[in-house]
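Working through the structure, step by step
So you can see what is in the structure, the chains are spelled out below.
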Amino acid sequence: MPHPLIEKATWGWMTSLARIGSESRRLGSPVVEGVLTRMVGLTLEAVGCQAATGARCDVVNSSGDRIETEVVGFSGDSLYLMPTGEVRGLVPNARVIPMQQGSDVLAGPELLGRVIDGRGRPLDDKGPLRAHQKYPLQGKEINPLNRTPIHEELDVGVRAINALFPIGRGQRMGLFAGSGVGKSILLGMMTRYTEADIVVVGLIGERGREVKEFVQEILGQQGLRKAVVVAAPADSSPLMRIHGAMQATSIAEYFRDQGKNVLLLMDSLTRFAQAQREIALAIGEPPATKGYPPSVFARLPQLVERAGNGADNAGSITAFYTVLVEGDDHADPIADAARAILDGHIVLSRQLAETGIYPAIDIESSISRLTPQITTPEHMGMTQNFKHIYSLYQQNRDLISVGAYQQGSDPAIDRAIRMHPQLIEFITQNMNHSVSFDSSRTQLAEVLTNTGDDERPVAVDAPVDQAADVQVDQPLSGELVG
């Protein structure tokens, strides 16, 4: 028989051990700090600590301030870190502290009317963010078989797009253009005129001055009430540009899951890809196609596929991504990859822009892949007829310009020559006016009906009904630039 005193002491020890074990589990594992061993460009290398890719680590500089970084890779016992902001005052063997915080995004209706940066911090003067709900930065995966099919057209307020390249609610489109041909203005027109419950704008890697211009002149006070703007301009770190694009998508996903129809506008997808290229090359990933590492082409579909219709009729995200075609080379790797993963593309022509035609949409090179699903056979027939006449004139443009074509040689070309001014007038639209989907289709039928034999211009820019022509509260100023 054990002595009562021994039993009492054993019971006390067991109770103390259980309490200590419970307390230690509540506190979690101790944080093991590391040291900074190397810094090349924007890449930091640390040893002595462990953290998963995507986790946050704080590096303490010589002044005692903490610099926020993110784990972007590892090799052996070394972690590769990328700072989220400006780097100053770092010294060898600086402390590296892994943080327990996850990569979440603040979301909620409190974000409407606000302008935030890539970290979710407010850039306007409206005080701190009141949103408390969190959404994962990487998004939530949706089974493709559970997505609601796209079957409803979306009115974007641009006559040429509504009539010739119909957009479906939940579709993902690209705006392909070089610099200075009007893609930002076209994006702004769709921002104000598209029928959507919520508008989320991601200004990624563009000029800093364009942020204020977009908010004040293009969105305006009325448009900002139902919009959230995420800005990560060109002087932001590559990591912040990537986070800005992902954060805008996460906010759009939150509103979609609330049953809202969301319009997501991202300017630009090219800057997102270039930011990923900077990070990949900095940590030693070999370049593959024209200086772009393979991870860039893996990142693009991961971002784009998050848009679209939700599961179980939850809502929709209709996304427009601008793609900068450098040197007007449409065989650029990023442009080529974007065309493959998007549901269509609107190409802007520098030649049309130089002749003063805005929006400068290249009719022959643009396409909407969902046109058969969202429109009628009659509308498709009119669209194909318009494109055929327009293309026939462009194919014979040089002969017509130098006078080598003799009238009467080909009736189809004669008709294309007579109708060409009407086709150009149909494409052209004042950026301060909106043309509805029904009005666009009606005006398209009128243009094709009038063959130009009477040589009277067709006033396609005149409204068919009161709702077809909407004067905006604040007219845009300045020239059309991309």
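Structural notes, computed from the coordinates. (Residues numbered from 1 in each chain as written. Predicted model: local features only at pLDDT ≥ 70, side-chain atom pairs only at ≥ 80, totals over all residues. Heavy atoms only, no water.)

A look at the packing of aromatic side chains
Summed over all chains, the structure comprises four aromatic pairs. Aromatic pair Tyr135 and Tyr254: ring centres 5.7 Å apart, planes at 85°, arrangement edge-to-face. In this pair, Tyr135 is assigned in strand E9 (residues 133-136) and Tyr254 in helix H5 (residues 238-257), connecting sequence segments 119 residues apart. Overall, Tyr135 belongs to the buried group, its relative accessible area being 9%. Measuring from centroid to centroid gives 5.4 Å for Phe386 and Phe426, while their planes differ by 50°, and the two rings are tilted. (Phe/Tyr/Trp six-rings, centres within 6.5 Å; stacked < 30°, edge-to-face > 60°. Helix = DSSP H or I, 4+ residues; strand = E, 2+ residues; numbered from the N terminus. Buried < 20%, exposed > 50% of the residue type's maximum accessible area, 1.4 Å probe, protein only.)

Re the nonpolar core
By size, the foremost hydrophobic cluster in this structure holds 62 residues, and its most contacted members are Met190, Phe320 and Phe386. Examining the composition of this core, we find that seven residues originate from one element, helix H13 (residues 411-427), more than from any other. Phe386 has contacts with Leu164, Leu423, Phe426, Ile427, Leu444, Val447 and Leu448, leaving out every residue within four places of it along the chain. If you look at the next biggest cluster of nonpolar residues, it comprises 53 residues, including Met82, Ile198, Met246 and Phe255. (Core = buried A, V, L, I, M, F, W, Y, C linked by side-chain atoms within 4.5 Å. Contact = heavy atoms within 4.5 Å.)

A word on H5
Between its first and last C-alpha atoms H5 spans 29 Å; for 20 residues at 1.5 Å apiece the expected length is 28 Å, and the two agree. In terms of residue burial, H5 counts as a mostly covered element, since 19 of its 20 residues are buried. Where H5 terminates, the next one or two residues include Gly259, which has phi positive at roughly 90°. (Expected span 1.5 Å × (residues − 1).)

Things to note about the sheet that holds strand E2 (residues 43-47)
Strand order in the closed barrel formed by six strands is E1-E2-E5-E4-E3-E6, with antiparallel pairing between adjacent strands. With direction set aside, neighbouring strand axes in the sheet form an average angle of 45°. One ladder, built from two bridges, connects strand E1 (residues 34-40) with strand E6 (residues 95-98); its direction is antiparallel. Residue Val35 lies in a different strand from E6, and its bridge partner there is Arg95. (Pairing = 2+ DSSP bridges. Axes fitted to C-alpha atoms, helices over the stretch in contact; angles between N-to-C directions.)

Let's talk about the packing of H5 against helix H6 (residues 269-282)
It is the contact of H5 with H6, at a shortest axis distance of 8 Å, that shows an interaxial angle of 140°. Taken together, H5 and H6 sit at an angle that is classed as oblique. The handedness of the crossing between H5 and H6 is left-handed. On H6, the residues that touch Pro238, Leu239, Arg241, Ile242 and Ala245 of H5 are Phe272, Ala275, Gln276, Glu278 and Ile279. (Parallel < 35°, antiparallel > 145°, perpendicular 65-115°, else oblique. Left-handed = near helix turned anticlockwise from the far one by under 90°.)

Things to note about the pattern of salt bridges
Evaluation of the coordinates by the stated rule reveals 19 salt bridges. Between Asp124 and Arg114 there is a salt bridge, and its shortest N-O distance comes to 2.8 Å. In this pair, Asp124 sits in the loop between strand E8 (115-116) and E9 while Arg114 sits in the loop between strand E7 (104-107) and E8, placing the two residues 10 residues apart along the sequence. Under the relative-accessibility criterion, Asp124 is labelled buried at 17%. One salt bridge in this structure joins Arg271 and Glu206, with 3.6 Å as the shortest N-O distance. Of this pair, Arg271 sits in helix H6 while Glu206 sits in the loop between strand E13 (198-204) and helix H4 (209-224), placing them 65 residues apart in sequence. (Salt bridge = Lys/Arg side-chain N within 4 Å of Asp/Glu carboxyl O.)

Here we look at the pairing of strand E14 (residues 227-232)
The buried fraction of E14 amounts to six of the six residues, a majority that puts the element mostly inside the structure. Of the two faces of E14, both are covered, the one formed by Ala227, Val229 and Ala231 as well as the one formed by Val228, Val230 and Ala232. In terms of strand pairing, E8 meets E14 through two bridges, oriented parallel. Bridge pairing in E14 places Ile116 opposite Val230. In terms of strand pairing, E13 meets E14 through six bridges, oriented parallel. Bridge pairing in E14 places Gly202 opposite Val230. Taken together, E13, H4 and E14 form a β-α-β motif whose crossover is right-handed. (Right-handed = clockwise from strand over helix to strand, strands pointing away.)

Let's talk about unusual backbone geometry
Of note, the amide linkage connecting Asp267 to Ser268 takes the cis form, showing an omega dihedral of 15°. Note that Ser268 resides in the loop between strand E15 (261-267) and H6. Of note, the bond from Tyr358 into Pro359 is cis; its omega dihedral lies within 30 degrees of zero at -5°. As for its position among the elements, Pro359 is in the loop between helix H9 (350-354) and strand E19 (367-368). Within the chain, Lys290 stands out as a residue other than glycine whose phi angle is a positive 50°. Within the secondary structure, Lys290 is located in the loop between H6 and helix H7 (294-304).

Remember that the coordinates give geometry; whether it matters functionally is a separate question.
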